[in-house]
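Structural overview for review
Take a look at the letters that make up each chain.
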Amino acid sequence: GRVTHPIIQWGMGVNISNGNLAWAVAREGWIGTLSSVWLAWVPKYKERIFHALIAEAKTSPGIYDTIATDMTIEKFRDMVKKRHEEKGLPSPSEKNITWSYRLYQLFHEATFRAAREEIQTAKEISEWHWALWLNVMKAIHEYKMHVRLACETWLHGIVSGAWLPLDLPELVKH
């Protein structure tokens, strides 16, 4: 990218650090940063992607087998039970845990698809010439998937915070 000023527009979260802002910042010779966190809640993606996935899952239960996630049902179950214990709440039923996990899967798949769209939007607007980075929070469970997304889409860099990303160098090697 054409960086003329050593200034980075830091990731500012859901629906703020979007493709249009990142491109506008990069166009001025700075480094534009896209956020990849919780995009399934952004109105333009919520209906079109997240709710569409929920509707599809009602008629095609096999959809869950096609969704890649770094969180297994076992890890999810342990996390939910631990949080309930910490709050002094009764442990949820296996049926509720399974339903919640499936909703979790759909949410993260929708976020991942929306992140791809934001990256594509920024790249198309910038004609692939400007410096664009992806802000990926280490604290999210799908951290590795978002790092891989940044690498697969040939973004120019990754901003990673919310815990120490000690595994980042290893993840970007592939």
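Up top is the structure these notes are about.
Presented here is a report on the structure given in the accompanying data block. Worth saying up front: this structure is predicted, and the values here are computed from it rather than measured. (Residues numbered from 1 in each chain as written. Predicted model: local features only at pLDDT ≥ 70, side-chain atom pairs only at ≥ 80, totals over all residues. Heavy atoms only, no water.)

**Here we look at the overall build of the protein**
When its secondary structure is counted, the protein shows 7 helices and 3 strands. Mapped from its N terminus to its C terminus, the protein presents α and β elements in the order α-β-α-α-α-α-β-α-β-α. For the protein, the spread of C-alpha atoms along the principal axes amounts to about 55 × 35 × 30 Å. Taking all 174 residues of the protein together, the buried fraction comes to 44%. Considering only contacts in the protein between residues 6 or more positions apart, those separated by 24 or more positions represent 69%. Taken as two groups, the 21 positive and 19 negative side-chain charges of the protein have centres that lie 2 Å from each other. (Helix = DSSP H or I, 4+ residues; strand = E, 2+ residues; numbered from the N terminus. Buried < 20%, exposed > 50% of the residue type's maximum accessible area, 1.4 Å probe, protein only. Contact = heavy atoms within 4.5 Å. Lys, Arg positive; Asp, Glu negative; His and termini not counted. Charge placed at Lys NZ, Arg CZ, Asp CG, Glu CD.)

**Considerations on the packing of helix α1 (residues 19-27) against helix α5 (residues 94-125)**
When two helices pack together, you describe them by how their axes are tilted relative to each other and by the distance separating the axes. Two elements in contact, α1 and α5, have axes separated by 8 Å at closest approach and are oriented at 35 degrees. Crossing hand, α1 versus α5: right-handed. For the pair formed by α1 and α5, the contact residues are G19, N20 and W23 on the first element and E118, T121, A122 and I125 on the second. Across the contact of α1 with α5, the residue classes break down as 3 nonpolar, 3 polar and 1 charged. (Axes fitted to C-alpha atoms, helices over the stretch in contact; angles between N-to-C directions. Left-handed = near helix turned anticlockwise from the far one by under 90°. Nonpolar A, V, L, I, M, F, W, Y, C, P; charged D, E, K, R; others polar.)

**Re the pairing of strand β1 (residues 32-35)**
Residues G32 and L34 line one face of β1 and the alternating positions T33 and S35 line the opposite face, and both faces are buried. Sheet analysis places β1 next to strand β2 (residues 132-137), joined by 4 bridges and oriented parallel. In the strand pairing of β2, T33 is matched with W133. (Pairing = 2+ DSSP bridges.)

**Here we look at the packing of aromatic side chains**
Counted under the stated rule, the structure contains 7 aromatic pairs. Their ring planes at 45 degrees and their centres at 5.4 Å tell us that F76 and Y104 sit as a pair that is tilted. With a gap of 28 residues between them, F76 in helix α4 (residues 73-86) and Y104 in helix α5 connect regions that are remote in the sequence. Of the two residues, F76 and Y104, both sit in the buried class. Through a chain of ring-to-ring contacts, the aromatic side chains of W38, W41, F50 and F107 assemble into a single cluster. (Phe/Tyr/Trp six-rings, centres within 6.5 Å; stacked < 30°, edge-to-face > 60°.)

**A few points about the nonpolar core**
Taken as a class, soluble globular proteins show a tendency for nonpolar side chains to be buried jointly. Counting 37 residues, the largest nonpolar core has L34, I63, L106, L134, Y143 and L155 as the members making the most contacts within it. If you list the elements that add at least two residues to this core, you get α1, α2 (43-59), α3 (63-66), α5, β2, α6 (143-152) and α7 (168-172). Top element by residues in this core is α5. It accounts for 8 residues. Aside from chain neighbours lying at most four places away, what touches L34 is S17, N18, G19, A22, E118, I119, A122, W133, L134, N135 and L155. (Core = buried A, V, L, I, M, F, W, Y, C linked by side-chain atoms within 4.5 Å.)

**Observations concerning the pairing of strand β3 (residues 157-161)**
Successive residues of a regular strand alternate their side chains across the two faces of the sheet. Bridge count for β2 against β3 is 5 bridges, and the pairing is parallel. If you follow W133 over to β3, its bridge partner there is G157. Considered for its hand, the β-α-β crossover made up of β2, α6 and β3 is right-handed. (Right-handed = clockwise from strand over helix to strand, strands pointing away.)

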